[in-house]
Amino acid sequence: VQASLMPINISSKWDFNNQQLNYSSKIMGYNFRYRLLITPQSEVEFDATHYKAAVESVSIAPFAIQKSDTTITNYSIRYNHFWIAQNNFYHRWGPGAEIGYASFPLLDFVDNSTLKMSKVTDLVLGLYLNYSYPLLPSWLFLGKAGLNYGTGVGNEGRLSTESNFSYYIDVGSKWSV
């Protein structure tokens, strides 16, 4: 079981009629992860992340952005399969797959000239590769590279997409006591 606070930086830059808006919000999110080790080669993870995205009032003629916020909650279930190196149990690599429910913050129209913080939700499918390598007896290097596909299922109203892709690389470390 892992529970953590994590800093999240949401930023956006867009142009309209030669005017620019650079939006940035630094917030703290909460993350909970439960990992079930079925065998040394197989594991299942449940992951949940929760945070609030907010924007302050600002005017960019002809638009006005209202001070507003929205709550973002993401869930996913992952399955990981590993091949383990013969010389070290913690040196392992392998594929993984996930299915999840994801929300993404965005600005939505209240009327023809006013925007507020809102969100779009989607059912997400993902494929990725995991890698871990022991740097020291209690310290692991962790890496993950993958592709997420937003299916468009679960979207509602005019804040919807048909489908989308995102690629990612996560690099980190794990220290065990």
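Residues numbered from 1 in each chain as written. Predicted model: local features only at pLDDT ≥ 70, side-chain atom pairs only at ≥ 80, totals over all residues. Heavy atoms only, no water.

(A) Just the overall build of the chain, in detail. Secondary structure assignment for the chain yields 0 helices and 11 strands. For the chain, the α and β elements follow one another from N to C terminus as β-β-β-β-β-β-β-β-β-β-β. Every one of the 177 residues in the chain was classed for burial, and the buried ones make up 35%. Considering only intrachain contacts with a sequence separation of at least 6, the fraction spanning at least 24 residues in the chain is 52%. (Helix = DSSP H or I, 4+ residues; strand = E, 2+ residues; numbered from the N terminus. Buried < 20%, exposed > 50% of the residue type's maximum accessible area, 1.4 Å probe, protein only. Contact = heavy atoms within 4.5 Å.)

(B) The arrangement of the nonpolar core in detail. Ranked by size, the top nonpolar core spans 11 residues in total: Ile8, Ile10, Ile27, Tyr51, Ala53, Val55, Phe63, Ile65, Ile72, Leu115 and Met117. It is strand S3 (residues 42-55) that provides the largest number of residues to this core, a total of 3 residues. (Core = buried A, V, L, I, M, F, W, Y, C linked by side-chain atoms within 4.5 Å.)

(C) Region of interest: the pattern of salt bridges. A full pass over the atoms with the stated rule returns 8 salt bridges. Glu43 serves as the salt-bridge partner of Arg92, at 3.3 Å between the closest nitrogen and oxygen. One end of the pair, Arg92, is in strand S8 (residues 92-109); the other, Glu43, is in strand S3, with 49 residues separating them in the sequence. Overall, Glu43 belongs to the buried group, its relative accessible area being 3%. (Salt bridge = Lys/Arg side-chain N within 4 Å of Asp/Glu carboxyl O.)

(D) Quick peek at the environment of Phe32. One can find Phe32 in strand S2 (residues 19-39). Considered as a pair, Phe32 and Gln2 are 30 residues apart in the sequence and their alpha carbons are 5.8 Å apart. Among residues more than four places away in sequence, those in contact with Phe32 are Val1, Gln2, Ala3, Phe46, Asp47 and Ala48.

(E) Quick look at the pairing of strand S10 (residues 139-150). Examined bridge by bridge, strand S9 (residues 114-136) and S10 share 12 bridges and lie antiparallel to one another. Across the sheet, Leu129 pairs through a bridge with Ala145, a residue of S10. Hairpin geometry of S9 and S10 is characterised by an intervening segment of 2 residues between the two adjacent antiparallel strands. In this sheet, strand S11 (residues 164-175) lies alongside S10 in antiparallel orientation, the contact comprising 12 bridges. The residue of S11 that forms the bridge with Asn148 is Ser166. (Pairing = 2+ DSSP bridges.)

(F) Layout of the environment of Trp93. Turning to its location among the elements, Trp93 is positioned in strand S8. A relative accessible area of 34% means that Trp93 is categorised as partly exposed. Sequence separation of Trp93 and Phe82 is 11 residues, and the distance between their C-alpha atoms is 5.2 Å.

(G) Quick look at the packing of aromatic side chains. Under the criterion given, the structure shown has 4 aromatic pairs. Judged by centre distance (5.5 Å) and plane angle (80°), the ring pair of Phe89 and Tyr90 falls under edge-to-face. A relative accessible area of 46% places Tyr90 in the partly exposed class. Note that Arg92 overlies the ring of Phe82, its terminal NZ or CZ placed 3.7 Å from the centroid. (Phe/Tyr/Trp six-rings, centres within 6.5 Å; stacked < 30°, edge-to-face > 60°. Lys NZ or Arg CZ within 6 Å of the ring centre and 35° of its normal.)

(H) Up close: the side chain of His91. Relative to the elements of secondary structure, His91 occurs in the loop between strand S7 (83-84) and S8. You can call His91 buried: its relative accessible area is 15%.

(I) Layout of the confidence of the model for the chain. For the chain, the average pLDDT comes to 84, and 90% of its residues sit at 70 or higher. At the level of individual helices and strands, the chain shows its lowest average pLDDT in strand S1 (residues 2-16), which scores 73, and its highest in S7, which scores 95. (pLDDT = per-residue confidence, 0-100.)

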